[in-house]
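Survey of secondary and tertiary structure
Chain residues, written in single-letter form:
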Amino acid sequence: RLRELAIQLSQKGQVLNSAKAVTVSRGVIVAPMPGRVMSVRVRKGDTVKTGQSLLMLEAMKMENEIVAPNAGTVREVWVAEGTTVKKDQRLLEIS
């Protein structure tokens, strides 16, 4: 099951743009582009709501907010603040 997830592009807290870029398969959320994880806003075991901010990814000097595609529980977090990620690298899992 694949889904596209909307992310918001922001700069210094100001939303600049929205984009559909993150692919979700079996609850696994992957990086929409290469970048650096600026902050992780959830931990394993957290309950999240649809649209809740999960992490911020910096790419090309833009902040990309990754949000939950659906409500659920965070099962795994594979990245930490400062982690450099490649496009399609696993970030976290929600079920």
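Structural notes, computed from the coordinates.

1. What about the overall build of the protein?
- The helix and strand inventory of the protein stands at zero helices and ten strands.
- When its helices and strands are written in sequence order, the protein yields β-β-β-β-β-β-β-β-β-β.
- Counting the 95 residues in the protein, one finds 41% classified as buried.
- A fraction of 52% describes how many contacts in the protein between residues 6 or more apart in sequence connect residues 24 or more apart.
- With the model as given, the accessible surface of the protein reaches about 5,600 Å², and the carbon-plus-sulfur share is 48%.

2. With respect to the pairing of strand S4 (residues 35–40)
- One ladder, built from two bridges, connects S4 with strand S9 (residues 84–85); its direction is antiparallel. Considered in S9, the bridge of Arg 36 is made with Thr 84.
- In this sheet, strand S6 (residues 53–59) lies alongside S4 in antiparallel orientation, the contact comprising four bridges. Each residue of the ladder has a partner; that of Val 40, found in S6, is Leu 55.

3. Points about the pattern of salt bridges
- As enumerated under the stated definition, the model contains four salt bridges in all.
- Linking Glu 58 and Arg 36 is a salt bridge whose minimum nitrogen-to-oxygen distance equals 3.1 Å. In this pair, Glu 58 is assigned in strand S6 and Arg 36 in strand S4, connecting sequence segments 22 residues apart.
- Put simply, Lys 44 and Glu 76 hold a salt bridge, and the shortest N to O gap is 3.3 Å. Separated by 32 residues along the polypeptide, Lys 44 in the loop between S4 and strand S5 (47–48) and Glu 76 in strand S8 (residues 72–77) bring together distant segments of the chain.

4. Notes on the nonpolar core
- The biggest cluster of nonpolar side chains holds 18 residues, and the ones touching the most others in it are Leu 54, Leu 91 and Leu 92.
- A total of four residues in this core trace back to one element, the largest contributor, which is S6.
- Each residue touching Leu 92, except ones within four places of it in the same chain, is listed here: Gly 27, Val 28, Ile 29, Val 42, Leu 54, Leu 55, Glu 76, Val 77 and Trp 78.

Here is what the cut-offs are and how they apply
- Residues numbered from 1 in each chain as written.
- Predicted model: local features only at pLDDT ≥ 70, side-chain atom pairs only at ≥ 80, totals over all residues.
- Heavy atoms only, no water.
- Helix = DSSP H or I, 4+ residues; strand = E, 2+ residues; numbered from the N terminus.
- Buried < 20%, exposed > 50% of the residue type's maximum accessible area, 1.4 Å probe, protein only.
- Contact = heavy atoms within 4.5 Å.
- Areas by Shrake-Rupley, 256 points an atom, 1.4 Å probe, with all protein chains shown as cover.
- Pairing = 2+ DSSP bridges.
- Salt bridge = Lys/Arg side-chain N within 4 Å of Asp/Glu carboxyl O.
- Core = buried A, V, L, I, M, F, W, Y, C linked by side-chain atoms within 4.5 Å.

Everything listed here is a matter of geometry and, on its own, says nothing about what the molecule does.
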